[in-house]
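Geometric and topological summary
Read off the chains here:
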Amino acid sequence: MPNPKSEIRNPKSEIRNPKSPACLAIGGFDPSGGAGVLADCEAIAAVGARPLAVVTTITAQSHLRFAAASPVPPGVVRAQIDALAGAYRVRAVKTGVLPTPRHVAPAADAVTVLGVPLVVDPVLGASRGPGLVDPRVAAAIVADLLPLAALLTPNASEAGTLAGRRVEDEDDAMAAAETLLRMGARAVLVKGGHLRGRDLLATPRRLRWLPGRLMPSVPTHGAGCALASAIAAGLALGRSLPEAVRAARTLVRAGMRSTARRRGAWGPDLIGMRLALAPSDAARGR
């Protein structure tokens, strides 16, 4: 049988004068656009990179409720990656929902062959509804993606699951981040929705709390997708990790503030769409 990795090509010699570097988002399809690869692409475009998307699972949901999910066959996921990697100059990859352990391998193979930065948003829980992610995915992420990740972006619960410990406060978050670094992640951003709104950026050199505050009146569906994708887009544009994180946080917080001002809005679902139409200097990291 042919090596499945052999179909993925680095097209540096095939694409001439691309207008913008591409950022590949691998994840679920939310038909509302509030999360998943639609939100990923909006955030990537807002930062200024070329969005590409690979769908791993199809969901039936809105911003109000989650109804069902159906995984895309892993072979089809791999075929999507092969088609895009063979046609565009992919400069970074972001992963979101990987519904089964068999969906982790195509993402890991792509990053290995392309040799580009990877941002892993480890969607593990069933906060939106049952059946979205196989519980065994956590172990597959640790084994296959963690060693490749330029950045891991778990929330507090996900950080605890991956690190094998409970995360209930800021001290727990720091301990979990240090554990994940020892397990092979090059950097970890523990998102602060459950930590008084502050994010923890951990690297082997330092642990740093980034300023923030909770916005309880604004639903957070899709905020994690937008944040991780905007960081990956910044890396695709050649920014350093701290620069990419700073610009992405500015983008998401600007979108949430805009949402808070709009009566009847449903949360940060429109972050990428609104800012992609009129990208701000802050969104572009200026």
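Attention here is on the structure that accompanies the text. (Residues numbered from 1 in each chain as written. Predicted model: local features only at pLDDT ≥ 70, side-chain atom pairs only at ≥ 80, totals over all residues. Heavy atoms only, no water.)

Brief notes about the nonpolar core
To keep things clear, this is the line we draw: By convention a nonpolar core is built from buried Ala, Val, Leu, Ile, Met, Phe, Trp, Tyr and Cys residues, the set being connected through side-chain atoms within 4.5 Å. With a 1.4 Å probe rolled over the protein chains alone, any residue whose accessible area is under 20% of its type maximum counts as buried; one over 50% counts as exposed, and the rest are partly exposed. Each helix is a run of DSSP H or I of at least 4 residues and each strand a run of E of at least 2, with the numbering of both proceeding from the N terminus.
If you look at the biggest cluster of nonpolar residues, it comprises 54 residues, and the most contacted ones within it are Leu24, Ile26, Val93, Leu145 and Val188. It is helix 3 (residues 104-114) that provides the largest number of residues to this core, a total of 6 residues. Of all hydrophobic cores here, the second largest spans 32 residues; its members include Ala25, Ala228, Ala232 and Leu251.

Section: the pairing of strand 3 (residues 66-71)
The line we're drawing: Two strands are counted as paired when DSSP detects at least two bridges linking them.
As judged from the 5 bridges shared by strand 2 (residues 50-61) and strand 3, these two strands associate in the antiparallel manner. Counted as the bridge partner of Ala60 is Ala68 from strand 3. The antiparallel hairpin formed by strand 2 and strand 3 contains 4 residues in its connecting segment.

Thoughts on the pattern of salt bridges
Test applied: One side-chain nitrogen of Lys or Arg within 4 Å of one carboxyl oxygen of Asp or Glu is enough to make a salt bridge.
One pass over the full model with this rule turns up 7 salt bridges. The partner of Lys191 in a salt bridge is Asp121, and the shortest N-O contact between them spans 2.9 Å. With Lys191 in the loop between strand 7 (188-190) and strand 8 (199-202) and Asp121 in the loop between strand 5 (118-120) and helix 4 (137-145), this pair connects stretches of sequence that are 70 residues apart. On the basis of relative accessible area, Lys191 is assigned to the buried category, the value being 12%. Here Asp121 falls in the buried class, since its relative accessible area comes to 3%. Linking Arg198 and Glu170 is a salt bridge whose minimum nitrogen-to-oxygen distance equals 2.8 Å. One end of the pair, Arg198, is in the loop between strand 7 and strand 8; the other, Glu170, is in helix 6 (residues 170-182), and 28 residues separate them in sequence. Residue classification places Arg198 among the partly exposed residues on the basis of a relative accessible area of 26%.

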